[in-house]
Amino acid sequence: MSIASVCVFCGASTGSHPAYREAAQALGQALAERKLTLVYGGGAVGLMGIVADAALAAGGEVIGIIPQSLKDKEIGHSGLTRLEVVDGMHARKARMAELSDAFIALPGGLGTLEELFEVWTWGQLGYHGKPLGLLEVNGFYSKLTGFLDHIVGEGFVRAPHRDMLQVSESAHNLLDALDEWQPSVQPKWAEQKPS
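Conventions used here
Residues numbered from 1 in each chain as written. Predicted model: local features only at pLDDT ≥ 70, side-chain atom pairs only at ≥ 80, totals over all residues. Heavy atoms only, no water. Helix = DSSP H or I, 4+ residues; strand = E, 2+ residues; numbered from the N terminus. Buried < 20%, exposed > 50% of the residue type's maximum accessible area, 1.4 Å probe, protein only. Contact = heavy atoms within 4.5 Å. Core = buried A, V, L, I, M, F, W, Y, C linked by side-chain atoms within 4.5 Å. Axes fitted to C-alpha atoms, helices over the stretch in contact; angles between N-to-C directions. Parallel < 35°, antiparallel > 145°, perpendicular 65-115°, else oblique. Left-handed = near helix turned anticlockwise from the far one by under 90°. Nonpolar A, V, L, I, M, F, W, Y, C, P; charged D, E, K, R; others polar.

A.B. asks: Before we go on, may I ask you to explain the environment of Leu38 in this structure?
C.D. replies: Mapped onto the elements of the fold, Leu38 is located in strand 2 (residues 37–40). A relative accessible area of 0% places Leu38 in the buried class. In the structure, Leu38 is positioned 14 residues away from Ala52 in sequence and 7.4 Å away in space, judged by C-alpha atoms. Discounting residues that sit within four places of it in the chain, Leu38 has contacts with Val6, Val8, Leu31, Val51, Ala52, Ala55, Glu61, Val62 and Ile63.

A.B. asks: When you look at the nonpolar core in this model, what are you seeing that I'm missing?
C.D. replies: Looking at soluble globular proteins, one finds that nonpolar side chains tend to be buried together. Within the largest apolar cluster, 31 residues are counted, with the highest numbers of intra-cluster contacts made by Val6, Leu27, Leu38, Leu106 and Leu135. Those elements giving two or more residues to this core turn out to be strand 1 (5–9), helix 1 (18–33), strand 2, helix 2 (46–57), strand 5 (102–105) and helix 8 (171–180). Top element by residues in this core is helix 1. It accounts for seven residues. Val6 has contacts with Leu31, Leu36, Thr37, Leu38, Val39, Ser100, Ala102, Ile104 and Leu175, leaving out every residue within four places of it along the chain. Residues Val39, Ala105, Val119 and Met164 belong to the second largest nonpolar core, which totals 22 residues.

A.B. asks: Help me understand the packing of helix 1 against helix 8, please; the structure alone is not making it clear to me.
C.D. replies: Helix packing geometry: the angle between the two helix axes and the distance between the axes. The interhelical angle for the contact between helix 1 and helix 8, taken along N-to-C directions, is 50 degrees, at an axis separation of 9 Å. With respect to helix 8, the element helix 1 is oriented oblique. Pair helix 1 / helix 8 crosses with right-handed handedness. Together, Ala26, Leu27, Ala30, Leu31 and Glu33 of helix 1 and Ala171, His172 and Leu175 of helix 8 make up the contact between the two elements. Each residue belonging to the contact of helix 1 with helix 8 can be placed in one class, and the counts come to six nonpolar, one polar and one charged.

Right under this line is the structure:
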């Protein structure tokens, strides 16, 4: 699969470890070096602002999607290639998904996790065939990936659906994995034969 744009989900905070900032900078730079458009939540704060600034500084294209309510709070990034203002969070997520060929989650909070799991669920259900990944930084996602393996073992997630999520500690390696990814499952209703 060839990708031209990547949606990045990440925190509106920088977190408590310098490695999170460094990873956001490295990912933004890697996207720009590969001529991949960064699509993200449009903020100027936290890791969101860092990944956008790094991509822009490296000559990349950056598209931000932000709800009017957050733009009104003056956290929108004013220096992007394009900033689209939408009506709410649902419209924001739908637009980011529409513009993106792949998805990456950097460290973040509840919003980051919610966005990752929603787009993953959409893929599991067959609404898209786009790759997704975690950029593992300083062990941030280690407990989550362990829990994901646990729910596979408990029979709540099928192994091929778990394998949809690529994980790497390197931005370049993760982008390579997403570019090479091929879907291995079909939605459940596609597997059923009409009677």
